[in-house]
Amino acid sequence: MPQEFDAIVVGAGFAGLYALYRLRERGHTVRVLEAASDIGGTWFHNRYPGARCDIESLQYSYSFSGEVEQEWDWTERYAGQPEILRYIHHVADRFDLRRDIRLNAQAVAAVFDEARHKWRIETGDGEAYSAAFCIMATGCLSVPLDPAIPGLGEFAGDIYRTVDWPHDGVDFTGRRAGIVGTGSSAIQAIPIVAEAAGELTVFQRTANYVIPAHNRPLDEAERADWKRHYPARRAAARRTRNNALMDHNTRPGADMPPGEREAVLEARWQLGGLTFSYGFPDQATDRRVNEAAADFVRRKIAGRVGDPETARKLMPRDHPLGSKRLCVDTEYFEAFNRPNVRLVDLREEALVAVEAAGVRTERTLYPLDALILATGFDAMTGALSRIDPKGRGGRSLREKWRVRPSTLLGLAVAGFPNLFLVTGPGSPSVLSNMVTSAEQNIDWIAACLDYLRANGVVEIEARAEAEDAWFEEVAAASARTLLPEGDSWYVGANVPDKPRVYMPYLGGVPAYLDACEKAAADGYNAFALTPADPAVAAE
Ligand code: N01
């Protein structure tokens, strides 16, 4: 017999933990199912050297508890993985969350029982759960992709993946290491591995736009200032495009004289990190402005890398800035000035295979003792497509999303009653501060469950026409920009046969919050609501 709860939450990262807190507080019985051996989600798995968040720690943190905001002291402008994981543990312990979490419990199936209006969820360890509501807090970047490179299994050395790095760390001293990938994860790992390894060979397929983090310790005065102003700053952040205070410049770059534009870009560069995306409001929409920013970054690369030929290879030229996720670094380009680091441009010599002795390209064999894969994720839809919930009439979510990853507000899917997503495709999610955006989604879901309970509703399902309208809105928002042009995970380009759709909502957090609020305020008109069947209720 399945164990019965009001709600099952899948995933015990930032989102799942908050869902547990909020729903339990509202009087629901909740069980969280987590595939890993401990809580933390992304921050449990990604322990590679240099793993660090690139949203400022004072903002990349829960806003729901004033007490936690006051008692937790972030040590750096951008928190490293160990500190973020400690923070997550602190919150879980403080609110006694663990007692409702099952670890090593990977959800492998979820089927909606239409007669009972309930989800049945099965885990890989043979347990079954039944709940009126299923909340998928499964993460946007939680399903790693191994590259389709022949011969990976033949490699005689060690293979490490950034996404499930050994908990005890890896000693690269004196070893010939190689790394495939130059996305955010690799760019953080490379400078640190380079320092330790005998040699490091970086296999780059696409050069990326990379902005310096300017990470630094936080001092007591800065922390105290934030603690005094937290509520106002969180509220102000919600009025920004990405749910984070990042000094969003409002002066368009298109009409600026080049010298002035250059000064703005230089000021952004000095600020560092993702603030570079917000230099000009038209940077993502006006090709000339975008190219000015791209050219600025290329000139910075030329200034940071000693060898002009290596610098040339490291300069991105084939996609607009921001169309692949902007990367944030600490001494990434400088690593290529080290005598033990070599760059292999896979556009000039394609990767042929991995062999026992190393990586073979069209030109030569690069002998290696260790190979690091930093090759990305099946983003936004990957985790749910693997669970493949079966909704009304046994309909498969994987099959539905094979056509297009449509949702209503990134929160619900037509044909899948009582299933809620957190930061799903069609929400600002990965373009925003994930922690506070997840909190907003969960608050919306909790308020919705209150409404259903108060009104005797047993089923809620997104209407197909409302979902289509939102999908068009999401598509229109991205079509106004250059950002769908890059072959990024945002558009699913890194996964064979994934439909090319810009998945996150680019209309900005305020417009999204308005849409969510409206969907609730009008009595959930965009959803079909089914009242309790008196016969079933009497059972
Ligand atoms: O993954 P990615 P990631 N042969 O997909 C290459 C977040 N994040 O783990 O671009 C050769 O960005 C691939 O090449 P190409 C952040 O949102 C945040 O680095 O497809 N190369 C690319 O270079 C980020 O965007 C933080 O041509 C192959 C790389 O592998 C997201 O997670 C830190 C290949 C994959 O890059 C994902 O980042 C880390 C092949 N067969 C991550 N297959 C921070 O907050 C793939 N590649 C700082």
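Scroll up for the structure.
All of these numbers come straight from a predicted model, not from anything done at the bench.

*Asks:* For this particular structure, what's the right way to read the site of the ligand?
*Replies:* Around the ligand lies a shell of 25 residues, among which Thr-182, Ser-185, Arg-205, Thr-206 and Lys-324 are the nearest. Contact distances for the ligand include 2.7 Å between an oxygen atom and a side-chain N or O atom of Ser-185. Between an oxygen atom of the ligand and a side-chain N or O atom of Trp-489, the distance comes to 3.0 Å. Here the shell around the ligand gets three residues from one element, more than from any other, and that element is helix α5 (residues 184–196). For the shell around the ligand, the class distribution of residues is ten nonpolar, nine polar and six charged. For the shell around the ligand, the two domains that each supply at least three residues are domain 1 (3–143 + 378–538) and domain 2 (144–208 + 325–376).

*Asks:* Help me out: how do you make sense of the sheet that holds strand β9 (residues 199–204) in this one?
*Replies:* Pairing is parallel in the open sheet, where five strands are placed in the order β7-β16-β8-β9-β12. Looking at which strands have only one partner, the edges of the open sheet turn out to be β7 (158–161) and β12 (341–345). The sheet shows a mean angle of 20° between the axes of neighbouring strands, direction not considered. Across four bridges, strand β8 (residues 176–180) lies against strand β16 (residues 370–373) in parallel orientation. Bridge pairing in β16 links Ile-179 to Ile-372. Along the sheet, α5 makes contact with β8, β9, β12 and β16, crossing β9 at roughly 160°.

*Asks:* Mind showing me how you'd approach the pattern of salt bridges here?
*Replies:* Working definition: two side chains of opposite charge can pair if their charged atoms are close together. A full pass over the atoms with the stated rule returns 56 salt bridges. For Asp-146, the salt bridge is made with Arg-161, and the minimal N-O distance between the two is 3.0 Å. Of this pair, Asp-146 sits in the loop between β6 (128–136) and β7 while Arg-161 sits in strand β7, and the two are 15 residues apart along the sequence. Residue classification places Arg-161 among the partly exposed positions, given a relative accessible area of 24%. A salt bridge links Arg-404 to Asp-468; the nearest nitrogen and oxygen atoms lie 3.1 Å apart. Of this pair, Arg-404 sits in the loop between α12 (397–403) and β17 (419–421) while Asp-468 sits in helix α14 (residues 464–479), and the two are 64 residues apart along the sequence. Overall, the relative accessible area of 25% leaves Arg-404 in the partly exposed class. For Asp-468, a relative accessible area of 38% translates into the label partly exposed.

*Asks:* So what exactly am I meant to see when it comes to the sheet that holds strand β13 (residues 351–355) here?
*Replies:* Within a sheet, neighbouring strands are paired by backbone hydrogen bonds and run either parallel or antiparallel to one another. If you walk across this open sheet you meet the three strands as β13-β14-β15, and the pairing is antiparallel. Either end of the sheet is taken by a strand with one partner, and the two such strands are β13 and β15 (365–367). Pairwise comparison of adjacent strand axes, ignoring direction, gives a mean angle of 20° for this sheet. Here β13 pairs with strand β14 (residues 358–361) via four bridges, running antiparallel. Following the sheet pairing, Val-354 is matched in β14 by Val-359.

*Asks:* Would you mind showing me how to read unusual backbone geometry here?
*Replies:* The backbone of Asp-247 sits at a positive phi, close to 55°, despite the residue not being glycine. Within the element layout of this structure, Asp-247 appears in the loop between α6 (220–238) and α7 (258–271). Residue classification places Asp-247 among the exposed positions, given a relative accessible area of 51%. Phi at Tyr-524 is positive, roughly 60°, even though this residue is not glycine. Along the chain, Tyr-524 falls in the loop between α15 (509–521) and β19 (527–531).

What counts, and at which threshold
- Residues numbered from 1 in each chain as written.
- Predicted model: local features only at pLDDT ≥ 70, side-chain atom pairs only at ≥ 80, totals over all residues.
- Heavy atoms only, no water.
- Near = heavy atom within 4 Å.
- Polar contact = N/O pair within 3.5 Å; in protein donor to acceptor, adjacent residues only side chain to side chain.
- Helix = DSSP H or I, 4+ residues; strand = E, 2+ residues; numbered from the N terminus.
- Nonpolar A, V, L, I, M, F, W, Y, C, P; charged D, E, K, R; others polar.
- Domains from an automatic or database assignment.
- Pairing = 2+ DSSP bridges.
- Axes fitted to C-alpha atoms, helices over the stretch in contact; angles between N-to-C directions.
- Contact = heavy atoms within 4.5 Å.
- Salt bridge = Lys/Arg side-chain N within 4 Å of Asp/Glu carboxyl O.
- Buried < 20%, exposed > 50% of the residue type's maximum accessible area, 1.4 Å probe, protein only.

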